[in-house]
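Chain residues, written in single-letter form:
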Amino acid sequence: MPNFKSEFLHTLSERGFIHQISDETGLDDLLTKEQVTAYIGFDPTAPSLHAGSLIQIMMLHWFQKTGHRPISLMGGGTGMVGDPSFKDEARKLMTVDTIADNIASIQRVFANYIDFERAEAPALMINNADWLRDINYLEFLRDVGRHFSVNRMLSFDSVKTRLDREQSLSFLEFNYMILQAYDFVEISRNYGCRLQMGGSDQWGNIVNGIDLGHRMDAPQLYALTAPLLTTASGAKMGKSANGAIWLNPDMLSAYDFWQFWRNTEDADVSRFLKLYTTLPMDEITRLSALGGSELNAVKKILATEVTAMLHGRQAAEEAAETARKTFEEGAVAENLPTIEIAKPELEAGIGILTLLVQAGFAGSNGEARRHIKGGAVKLNDKAVTDERMSVAMDAITDDGIIKLSLGKKKHMLVRPS
């Protein structure tokens, strides 16, 4: 492990955040000598970020924690183009209204990780639409575009991979790296920003910004990227069998978020404690040494700590208690995820396949049917064997609910409305 002098790089290094740095010595010296401003960009492709973005958000957290000023950049302008990096096809274009709505929804998460109100080095949130949407195209080509070599841009992995597969790369997408590079220069000019961070797939785009800065008389700029994580089994981080692990509570409950981390693979526990919690390293070392049945307790600590940062300590502890009651006592906990079914629909009877799809336990009737044939479905803790079963009012328990389960770890309460 490199022997960094600055607290920020030392922290990131020992916790496993660093993939590449453009100039380790230069950046380390800068961080040691002065308070630095850094940013990470987030494109608003959905109403919420997912757990795959947490490593970047945690980098902003540690940047501020070690005395520097973080900026979260919302891609209101670049979101109109869409980042083509390592994508097999162009992103679906979004309307201006959709982008604005997504940004408004995404912004709520950041205050859980970085402080916008502190007296010293308060975090900033800015939107690149503020300067990109009013650009004069001809002036931009002359003043900025002339600094880019198409030959060099074609050599970047993010572009080369797409072209090697003989997949189309539109002129619109090709401009994305120019816009992102210009963002770095613009933020440097207006906010004194010297460092851009991101995932390793953004390395080429960030280095482009450093090169553009050289050509447009910006101070020395720096790049730092984190590894793109997969789980020990190779699954993409931030995804589950049921879809994305969203950060916004209206898209994924605190309980489901807690469960995602509780189900972490054994080989990932130590790494995730370092990346996604703020537990001291000596405590993480102690927890990482545990095995056997004690590892399950460590997974619960991981889940509770990660959930507490996003949803608050109370919600995290309630999620842990809900899981304990459900899995250890076999009780129906009030905080389990709940769906409501109209009372007339229940009175008429709703097919078990339809109910499984509505609960999010299956993406189609065919998948729901396979779950039943595999013996994975229970209704009020009793196995369901008939795929033609109809669920009606007589299934409601004395607690006024119906408990629907898929396997041992997924439960949903159904309430009549």
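The structure this text deals with has already been given above.
Residues numbered from 1 in each chain as written. Predicted model: local features only at pLDDT ≥ 70, side-chain atom pairs only at ≥ 80, totals over all residues. Heavy atoms only, no water.

Caption draft 1: Representation of the overall build of the protein within the structure. The number of helices and strands found in the protein is 19 helices and 15 strands. A compact globule built from 417 residues should have a C-alpha radius of gyration of about 22 Å, and the protein, at 24 Å, falls within 12% of that. Projected onto its principal axes, the C-alpha coordinates of the protein cover approximately 75 × 50 × 40 Å. Counting over 417 residues, the protein shows a buried share of 50%. Restricting the contact set of the protein to residue pairs at least 6 apart, pairs at least 24 apart contribute 72%. When the accessible surface of the protein is totalled, it reaches about 19600 Å², and 47% of it is carbon and sulfur. Across the protein, the centroid of the 43 positively charged side chains sits 4 Å from that of the 54 negatively charged ones. (Helix = DSSP H or I, 4+ residues; strand = E, 2+ residues; numbered from the N terminus. Rg over C-alpha atoms; globule rule 2.2 N^0.38 Å. Buried < 20%, exposed > 50% of the residue type's maximum accessible area, 1.4 Å probe, protein only. Contact = heavy atoms within 4.5 Å. Areas by Shrake-Rupley, 256 points an atom, 1.4 Å probe, with all protein chains shown as cover. Lys, Arg positive; Asp, Glu negative; His and termini not counted. Charge placed at Lys NZ, Arg CZ, Asp CG, Glu CD.)

Caption draft 2: Focus on the nonpolar core. Ranked by internal contacts, the top residues of the largest apolar core, which has 66 residues, are M197, L224, W261 and Y276. Among the elements that make up this core, the one with the highest residue count is helix α3 (residues 54-65) (8 residues). Residue contacts for W261: discarding those within four places in its chain leaves A51, L54, M237, F272, Y276, K299, L302, A303 and V306. Formed by 31 residues, the second largest nonpolar core is a distinct cluster that contains I71, L73, M177 and A181. (Core = buried A, V, L, I, M, F, W, Y, C linked by side-chain atoms within 4.5 Å.)

Caption draft 3: The arrangement of the sheet that holds strand β6 (residues 222-226) in detail. Taken together, 6 strands build an open sheet; the order of strands is β1-β6-β5-β2-β3-β4 and the sheet is mixed. The open sheet has two edge strands with one neighbour each: β1 (20-21) and β4 (124-127). As defined by bridge partners, strand β2 (residues 37-42) adjoins strand β5 (residues 193-199) across 3 bridges and the pair is classed as parallel. Across the sheet, the residue bridging to A38 is L195, located in β5. (Pairing = 2+ DSSP bridges.)

Caption draft 4: Spatial organisation of the packing of aromatic side chains. Counted under the stated rule, the structure contains 9 aromatic pairs. Where F272 meets Y276, the ring centres are 5.4 Å apart and the plane angle is 80°; that geometry is what we call edge-to-face. You can see F272 and its partner Y276 sitting in helix α13 (residues 269-276), 4 residues apart, about one turn around the helix. Looking at F272, the relative accessible area reads 2%, which means it is buried. Members of the aromatic cluster, each reached through a chain of ring pairs, are F257, F260, W261, F272 and Y276. (Phe/Tyr/Trp six-rings, centres within 6.5 Å; stacked < 30°, edge-to-face > 60°.)

Caption draft 5: Highlighting the pattern of salt bridges. Under the definition given, this model contains 10 salt bridges. Here D268 ties to R271 by a salt bridge, and the two come within 2.7 Å at their closest N and O atoms. A salt bridge links R313 to E305, with the shortest nitrogen-to-oxygen separation between them at 3.0 Å. The class for E305 is buried, based on a relative accessible area of 16%. (Salt bridge = Lys/Arg side-chain N within 4 Å of Asp/Glu carboxyl O.)

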